[in-house]
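# Fold and geometry: a report
Chain by chain, the residues run as shown.
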Amino acid sequence: MLVSRFMQQRLGTSSAIRQAFEKAEQLKKVHGADNIFDFSIGNPSAPCPAGVRAALEETARKTAPELHGYMDSSGYADVRSTIAASLARRFDTPYKASDIVMTTGAASAINALMQTVLDPEDEVVAFLPCYPAYRVFVENWGARLVEVPFDEETMLPDLAAFERALTPRTKLVIVNTPNNPSGVVYPTAAADGIAGALFRAQREFGHPILLLSDEPYRDLVYDGAQNPWWPTIYRNTAVVYSFSKSASIAGERIGYAALTPGMADRDALLAGIRRSLGDIGFVNAPATAQRMAAACADDTVDIAYYDRNRRMLASALVNAGFDVVPGNGAFYLLMAAPDGDERLLLERLAAKRIVAVGGSDFGAPGYVRLSYCLPPEAVSRALPLFAQVAKEYRLSAQPALATLEPAAAPVQHAPFTVLFAS
Ligand code: PLP
């Protein structure tokens, strides 16, 4: 057998998101794309921001080979300067170009950071519900994933359990807000609770703990919600960003890692990430996509596009009698299986040509994740089908969704220098 034992094990547990996506693609071939409602994968459909086109036009004029060649493993210096300046301006954090490494999406940044910091005996803590690839990535580097449970009322981390999950072996903690799969933006109290536990653990164990803030959905927030800016509350943070969702260019594979100025072991971490990009085989982030990233540094898709989908879908589901967590960010929501059986709900949805993903893969069994980044007309055409599924369960309408009421004033975060602590 040419396939390693490690990969054989992996093949036995293929990603539920990919499985659902592939199922939707097959069904589209049979029934026609317009007749399948693919709520499975987070493949954005909002039109790209203007910068994407500008960067492609600029690239079309650049036929000199050196403009498409290998480069420094961190990426183009001018692209990194543009991104550092944008972050400094928006988040009051003094980044320089040298704090940024351009990467092949968020996924490569996460793996490069993990390869840089993890030894086999190390533990990585993640908050459920979470992106299933975290486990796979952690295991890529031989470390162990420790999962923190969540409160089903709020979908937020159980902070007492987080405190208990931190041990002398904890090297890395991953936080993801706005969250995939819940769509929830962590409020200030949750962020402060996480940072407080990290400060105490660092002091008690006598070594730094890296917080990896995985932020592909940072700019997709609704109802005036403000996502925590971790570098101001916990210095030992590496922010990982991706343009996949905010600029609708997931297939172009572009993102970055930003190391907080003054964080522990910054220079060694930077050297490690650059080295890792070569070792894993990414070499450097794609050249044209870097130009797209620079052109979109301050720009995103029209957020209202997804907000309309969110409101339309969440209210229709609640009116049909489903129990949903509408969230205030990203483009996902969790819907509880009426009798707790997510398989049955997935089957009933599939019978109506709606493809979704079970919550178990995200550590949220009994739920189904709906990714509402598909075109609004597709969401709208799917609503009566969801209502038919609700009827099969004999559900009746829930009270109106308080969370979709206009939001309170956004929380203001203190500037970098005030809360800066380690
Ligand atoms: N992190 C989270 C939470 C995600 O949802 C995704 C993609 O869906 C990624 C990372 C990977 O993003 P990218 O496509 O930029 O590699």
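Only a predicted model underlies this, so the values are computations on that prediction, with no experimental measurement involved. Per chain, residue numbering runs from 1 following the sequence as it is written. In keeping with the predicted nature of the model, local features appear solely for residues at pLDDT of at least 70, side-chain atom pairs appear and are counted solely at 80 or more, and the whole-chain, interface and lining totals rest on all residues. Side-chain metrics in this entry use all non-hydrogen atoms of the structure; hydrogen atoms and water are not considered.

## A few points about the environment of Ala264
Runs of E in the DSSP output that reach at least two residues are strands. Runs of H or I that reach at least four are helices, and both are numbered from the N terminus. Tracing the backbone shows Ala264 in the loop between strand S8 (255–259) and helix H11 (266–280). Only protein chains enter the accessibility calculation, which uses a 1.4 Å probe; a residue whose area is less than 20% of its type maximum is buried, one above 50% is exposed, and one in between is partly exposed. When its relative accessible area of 27% is taken as the criterion, Ala264 is described as partly exposed. With 42 residues separating them along the chain, Ala264 and Tyr306 place their C-alpha atoms 38 Å apart. Setting aside residues no more than four positions away along its own chain, Ala264 makes contact with Pro208, Asn236 and Leu269. Only heavy atoms enter the contact rule, under which two residues are in contact if any of them lie within 4.5 Å.

## With respect to the packing of helix H3 (residues 50–60) against helix H12 (residues 287–295)
Lines fitted to C-alpha atoms define the axes, with helix axes restricted to the stretch in contact, and inter-axis angles between N-to-C directions lie between 0 and 180 degrees. Where H3 contacts H12, the axes come no closer than 8 Å and their chain directions differ by 140°. With respect to H12, the axis of H3 lies oblique. At the point where H3 passes H12, the crossing takes the right-handed sense. Counting all contacts with H3, which are made through Gly51, Val52, Ala55, Leu56, Glu58 and Thr59, the residues of H12 involved are Thr288, Arg291, Met292 and Ala295. Here roughly perpendicular refers to angles of 65 to 115 degrees, roughly parallel to angles under 35, roughly antiparallel to angles over 145, and oblique to all remaining angles. We call a crossing left-handed when the near helix sits turned anticlockwise from the far one by less than a right angle, and right-handed when that turn is clockwise.

## Some details on empty space enclosed by the protein
Here a cavity denotes grid points, spaced 1 Å and computed from the protein atoms alone, that fit a 1.4 Å probe unable to get out, and a pocket denotes an open set having protein on both sides within 12 Å along at least 5 of 7 lines; residues with an atom within 4 Å of a point are the lining. Grid points are joined across faces, edges and corners, and a volume is the space filled by probe spheres set on the points. Enumeration over the complete set of coordinates arrives at one cavity of 30 Å³ or more. Looking at the largest cavity, its volume works out to about 50 Å³. Around the largest cavity, the lining residues are Ile83, Ser86, Leu87, Arg90, Arg218, Tyr241, Phe243, Tyr256 and Ala297. The element best represented in the lining of the largest cavity is helix H4 (residues 77–91), accounting for four residues. Any residue that is not Ala, Val, Leu, Ile, Met, Phe, Trp, Tyr, Cys, Pro, Asp, Glu, Lys or Arg is counted as polar, Gly included; the first ten are nonpolar and the last four charged. For the lining of the largest cavity, a count of residues per class yields six nonpolar, one polar and two charged.

## Remarks on the domain arrangement of the chain
Bear in mind that the domain bounds are from an automatic or database domain assignment. Taken domain by domain, the chain holds domain 1 (15–46 + 302–400) and domain 2 (50–295). Each of domain 1 and domain 2 has a C-alpha centre, and these two points are 28 Å apart. On the domain 2 side, the residues contacting the 26 residues of domain 1 number 27 residues. Each partner contributes to the roughly 2100 Å² buried at the junction of domain 1 and domain 2, and carbon and sulfur atoms together form 60% of this total. Counted as salt bridges are all cases of a side-chain nitrogen of Lys or Arg within 4 Å of a carboxyl oxygen of Asp or Glu. The tally of links from domain 1 across to domain 2 stands at two salt bridges. Taking the shortest distance from any N to any O, the salt bridge between Arg310 and Asp223 comes out at 2.9 Å. Under the rule applied, a polar contact is a pair of N or O atoms within 3.5 Å (in protein, one hydrogen donor and one hydrogen acceptor; residues adjacent in sequence only if both atoms are side-chain atoms). Here domain 1 and domain 2 share 14 residue pairs in polar contact (both at pLDDT 80 or more) between them. No other element matches the five residues that helix H13 (residues 303–320) contributes to the side of domain 1 that touches domain 2. Its residues assigned to classes, the side of domain 1 that touches domain 2 comprises 15 nonpolar, six polar and five charged. Buried area is a sum: the accessible area each of two parts loses on coming together, probed at 1.4 Å, counted once for each and added.

## Considering the pairing of strand S2 (residues 100–103)
In regular strands, side chains alternate between the two faces of the sheet. Of the two faces of S2, the one lined by Ile100 and Met102 and the one lined by Val101 and Thr103 are each fully buried. Strands qualify as paired when DSSP identifies two bridges or more between them. Examined bridge by bridge, S2 and S8 share four bridges and lie antiparallel to one another. The partner of Ile100 across the bridge, within S8, is Ala258.

## Side note on the layout of surface pockets
Its volume calculated, the largest pocket comes out at about 1400 Å³. Together, 48 residues line the largest pocket, and Ser15, Arg18, Tyr131, Ala133 and Phe137 are the ones closest to its centre. Those elements that place two or more of their residues in the lining of the largest pocket are helix H1 (5–11), helix H2 (16–31), helix H5 (105–117), helix H6 (133–140), strand S4 (144–148) and helix H10 (243–246). If one sorts the elements of the lining of the largest pocket by residue count, H6 sits on top with six residues. Class assignment of the residues belonging to the lining of the largest pocket gives a composition of 23 nonpolar, 14 polar and eleven charged.

## A closer look at the pattern of salt bridges
Evaluation of the coordinates by the stated rule reveals 24 salt bridges. We note a salt bridge from Lys62 to Glu58, for which the minimum N-O separation is 2.5 Å. A relative accessible area of 23% places Lys62 in the partly exposed class. Here Arg266 makes a salt bridge to Asp99, at a shortest N to O gap of 2.8 Å. Of this pair, Arg266 sits in helix H11 while Asp99 sits in the loop between H4 and S2, and the two are 167 residues apart along the sequence. Per residue, the accessibility class of Arg266 equals that of Asp99, and both read buried. Put simply, Arg89, Arg90, Asp219 and Asp298 are held in one network by salt bridges that share partners.

## With respect to unusual backbone geometry
A cis amide bond links Leu128 to the next residue, Pro129, at an omega of -5°. The amide bond that connects Thr177 to the next residue, Pro178, takes the cis arrangement and shows omega of -5°. Summarising the element assignment, Pro178 is placed in the loop between strand S5 (170–175) and helix H8 (188–205). Backbone geometry at Ser248 places phi at a positive 55°, although glycine is not the residue there. Along the chain, Ser248 turns up in the loop between H10 and S8. With relative accessibility at 13%, the residue Ser248 sits in the buried group.

## So, the nonpolar core
The term nonpolar core refers to a set of buried residues drawn from Ala, Val, Leu, Ile, Met, Phe, Trp, Tyr and Cys, joined through side-chain atoms within 4.5 Å. Core analysis: the biggest nonpolar cluster contains 65 residues, and Phe162, Val173 and Leu198 have the highest contact counts within it. Of all the elements, H8 adds the most residues to this core, at eight residues. The residues that make up this core include at least three from each of domain 1 (15–46 + 302–400) and domain 2 (50–295).

## Concerning the packing of aromatic side chains
Side-chain rings of Phe, Tyr and Trp, where Trp is taken by its six-membered ring, are said to pair if the distance between their centres is within 6.5 Å; with planes under 30 degrees apart they count as stacked, over 60 as edge-to-face, and otherwise as tilted. Under the criterion given, the structure shown has 15 aromatic pairs. Measuring from ring centre to ring centre gives 6.4 Å for Tyr95 and Trp229, while their planes differ by 80°; the resulting arrangement is edge-to-face. Separated by 134 residues along the polypeptide, Tyr95 in the loop between H4 and S2 and Trp229 in the loop between strand S6 (210–214) and helix H9 (230–233) bring together distant segments of the chain. Of the two residues, Tyr95 and Trp229, both sit in the buried class. Taken together, the ring pairs in this structure connect Tyr217, Tyr305, Tyr306, Phe331 and Tyr332 into an aromatic cluster. The criterion is that NZ of a Lys, or CZ of an Arg, lies within 6 Å of the ring centre and within 35 degrees of the ring normal, and then a charge sits over that ring. Between Arg348 and the ring centre of Tyr393, over which it is positioned, the NZ or CZ distance is 4.5 Å.

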